[in-house]
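# Commentary on secondary and tertiary structure
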Amino acid sequence: MNSSDLKIHRRKEQNIWILNLEGRLDAEQVAGFKKNFPFFLKEEAPHIVLDLKDLEFVDSTGLGSLIFFLRRLEEKGGSLSLIHLNKEVESILEITRLVKLFKVFPDLSRVLENRSK
Amino acid sequence: VKAQTLSFSISDPKRIYPTLTRLLRGGSGRFKLPFHLQSDWFLCLFEAIQNAFQHGEARRKKEAVRVKLRLSPRWLETRVYDRGPGFDLRTVKRKGMSWDERGRGISILSQLTDSVAYRRGRGGNCLTLKKRILRPEARYKITDLLGEMSRRLSEAPNLQKVYETILDKLIEIFNVERASIMIYYPEEATLKVAAARGIAPSVLKKIRVKRGEGISGYVFARSRPLLIDDVKKNLKLLPKGPSRKSYRSRSFISAPLISSPDRVGEEKLGVINLTDKLDGSSFSRSELRLLSAIAQQAAAYVKIGSLIERLKEAESLRRDLEVVREIQHKLLPSRVVPPPGVEIAGDFLISKKGGGDYFDVLRVGEDAYLVVADVSGHHLPSALSMVNFRSAFRALALHRPSPRELLDSLNEMMFEDLIHAEHFICVSLVRLKPREKTLFFAGAGSLPLFLSGRKDFPLRTVSAQGTPLGVERGIPYEEVEIPLPSGEGLFMATDGAVELPLKSGGLLGLEGFQGLLSRYAALAPSLQVRRIKAALQRRTPGRMPPDDVTLLAAKMV
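Residue numbers restart at each chain and count upward from 1, following the sequence in its written direction. In the order they appear in the text, chains get letters beginning with A and ligands get numbers beginning with 1. Confidence filtering applies because this is a predicted model: local features only for residues at pLDDT of at least 70, side-chain atom pairs given and counted only at 80 or more, and all residues used for totals across whole chains, interfaces and linings. Side-chain descriptors were evaluated using all non-hydrogen atoms of the structure, hydrogens and water having been removed beforehand.

The helix and strand inventory of chain B stands at 15 helices and 22 strands. Throughout this description, buried means an accessible area under 20% of the type-specific maximum (1.4 Å probe, protein chains only), exposed means over 50%, and partly exposed covers the range between. The buried share of chain B, taken over its 557 residues, is 50%. Residues are treated as being in contact if the distance between any of their heavy atoms lies within 4.5 Å. In chain B, of all internal contacts separated by at least 6 residues, the share reaching a separation of at least 24 is 67%. Note on conventions: DSSP H or I runs of at least 4 residues are helices, E runs of at least 2 residues are strands, and numbering of each starts at the N terminus.

Okay, structure coming up:
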């Protein structure tokens, strides 16, 4: 395994799954990411937060997998939020205008704040 | 300025990321992408090569995808070749940016480049990406740039991060390999490097520039930005030594950091220097203007950062002092239990810096040891040496019948630690024998022992001085035996008392302190200590002495 290969660390807090993505999410790594989807999609209304602070690189295929995940979660009445976007990831979301599609927050506390509203 | 070129091929899609990282991100190779394009072009190349593997037949036939990069001062061009059936670029472009899961690669390329062209041919297909290289002043809107700088700088957690943030942004804007921020230290009349890029850390530490010397000193002294087209024509402005030869470029720009707060007037803080542009070209007048505008913005944040650092330092000193005070208070005898026939009282005034003053009264059978000690220095280290002294004193006092022997043992026991800590301890030590109406006194670099009689008795002093603990080893201390009849008293103090600065100017001095002692000599020890402490506080500015003052009084009933 290469040091920049995707690693996923998950934890649950206040009924929300927080996935920390470390490494890169690109055409070569996306299959590993998608393997995790069934685990979350079997829940009722799964709410997921992707912590991207350790994500080094994302390409168009990686973005595609995020859209796919978002669509499936919304079908189940769940949600997908992104936190800790670095400059590169923020830039590609803006270029592709996907920043409008995802709920983007600076950190987890803001996600929880938003949910409590 | 010559164009740079780079050609490489990739035969396995798994190798795209590591190959691009090696060639474009490390900055070690000969192909130097402009900093502001590095992450965008990395993504473009990744998408383009991935696309070639998907639409070409390279993956199936295990053929390599060939890539060529060319960077001229005005254009960055990339060609990616594949040998597959290819695709229709117009159809893909028309589809545009969708929220579908696929088909976003070409759209990303269109967004990040100035032109995308795809040529299909029998011999293979070629995707060509072009990006115009703009000069910084054309690339950035100054208001947007300064706004972004402000946002980033306001997030910097400390002054060093402020410097680093400024440098990172300057490198990205101007595409230079060398940049430095030099800060002026008025007490040394010298500029020193606070942060730099492209200069070896070992060299950085040695750089000291006097006002008016070299490029930085010249810009600082004149408070005006400077552009040097050709450094060879301005050799006298270059630093002397080996670093003079190490500049690749002939062109420099330098701007002063001047903070202009509303009420204080201008304050010159330092200088920003840039040199060695990636493409080897010279700086322009408009680039100098841009640097000056950024330097003005940066100066405000450097000033705020340095004020915050000073506040933090003061806060840390305050906390330090709180700990020292707590230690000193905890180590004070909670209740002085004098032997029968004696009254004893002690107190101290802690200084602004806090330190290592200490007093104690320890009963040993019918006798008592009275000690006043002063560890050199201030703050926590002195307080810790004082804690050590207290432990040693309390442990040894029970087994050493005379102050002389006790000082000998304390010096022997603590000598190595004190040398290591670079401390010494001045000690005044009395063994009071109420039954025999006598006392034994030994001193180690301390004030003399003050003896007072009844109202008509003159105050007198007794010295038995050796060197402070931790100064000389193996030299025996001396002691004196003094009768102390009923009604007579003794007074011990640390030298903070005589070194007390007066509101009227000068120091209280030994004579002044003795005058105070004489005035209150007839009082009981507790009242005597309280009155003397109050008198010292009244006399010193701010009611807090620069050095701790410890007072200990005893009287035979």
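This part takes up the confidence of the model for chain B. pLDDT: the predictor's confidence for each residue, scored from 0 to 100. Confidence in the prediction of chain B, expressed as mean pLDDT, is 84, and 89% of residues score 70 or more. Here the prediction assigns the complex a pTM of 0.58, and the interface score ipTM is 0.90.

Every case where a carboxyl oxygen of Asp or Glu lies within 4 Å of a side-chain nitrogen of Lys or Arg is listed as a salt bridge. Counting across every chain of the model gives 25 salt bridges over all chains. For Asp26 of chain A, the salt bridge identified is with Arg24 of chain A, shortest N-O distance 2.5 Å. The pair Asp26 of chain A / Arg24 of chain A is uniform in exposure class, with both members buried. Close ionic contact of Arg431 of chain B with Asp367 of chain B constitutes a salt bridge, the shortest N to O distance being 3.2 Å. One end of the pair, Arg431 of chain B, is in strand E15 (residues 425–433); the other, Asp367 of chain B, is in strand E14 (residues 367–375), and 64 residues separate them in sequence. A network of salt bridges, in which partner residues are shared, links Asp5, Arg24 and Asp26 of chain A.

With that settled, consider the interface of chain A and chain B. Counting residues at the interface gives 27 residues for chain A and 23 residues for chain B. Around 2000 Å² of area is buried between chain A and chain B when both sides are counted, 59% of it from carbon and sulfur atoms. Simply put, the buried area is the total loss of 1.4 Å probe accessible area from both parts when two parts are fitted together. Considering only the side of chain A, the residues that lose the most area to chain B are Glu28, Phe57 and Ile95 of chain A, jointly responsible for 28% of the buried surface there. Inspection of the region where chain A meets chain B yields 1 salt bridge. Of the charged contacts, one joins Lys87 of chain A and Glu172 of chain B as a salt bridge, the two residues approaching to 3.5 Å between their closest N and O atoms. Elements with a minimum of two residues in the side of chain A that touches chain B: strand E4 (55–58), helix H3 (60–75) and helix H4 (87–95) of chain A. Among the elements that line the side of chain A that touches chain B, the one with the most residues is H3 of chain A, at 7 residues. By residue class, the composition of the side of chain A that touches chain B is 10 nonpolar, 6 polar and 11 charged. Note on residue classes: Ala, Val, Leu, Ile, Met, Phe, Trp, Tyr, Cys and Pro are nonpolar, Asp, Glu, Lys and Arg are charged, and everything else, Gly too, is polar.

All names here are of chain B. In space, the 5 strands of this open sheet follow the order E1-E2-E3-E5-E4, with antiparallel pairing throughout. Every other strand in the sheet has two partners, leaving strand E1 (4–10) and strand E4 (115–119) as the edge strands with one partner each. Direction aside, neighbouring strands of the sheet carry axes that sit 15 degrees apart on average. Should DSSP find at least two bridges between two strands, the strands are regarded as paired. As paired strands, E4 and strand E5 (residues 125–132) are joined by 5 bridges and run antiparallel to one another. Across the sheet, residue Ala117 finds its bridge partner in E5, namely Thr128. A fitted line through C-alpha atoms serves as each axis, taken over the contacting stretch for helices, and the angle formed by two N-to-C directions is quoted from 0 to 180°.

To continue, consider empty space enclosed by the protein. Left-over empty space is what a probe sized like a water molecule reveals as it rolls over the atoms. Here a cavity denotes grid points, spaced 1 Å and computed from the protein atoms alone, that fit a 1.4 Å probe unable to get out, and a pocket denotes an open set having protein on both sides within 12 Å along at least 5 of 7 lines; residues with an atom within 4 Å of a point are the lining. Grid points are joined across faces, edges and corners, and a volume is the space filled by probe spheres set on the points. On inspection of all chains with the given rule, the structure shows 1 cavity of 30 Å³ or more. Here the largest cavity is characterised by a volume of approximately 110 Å³. For the largest cavity, the lining is made up of 13 residues, of which Phe57, Glu88 and Ile92 of chain A together with Ser39 and Leu43 of chain B are closest to its centre. Elements with a minimum of two residues in the lining of the largest cavity: E4 and H4 of chain A together with helix H2 (38–55) of chain B. Residue composition of the lining of the largest cavity, grouped by class: 7 nonpolar, 2 polar and 4 charged.

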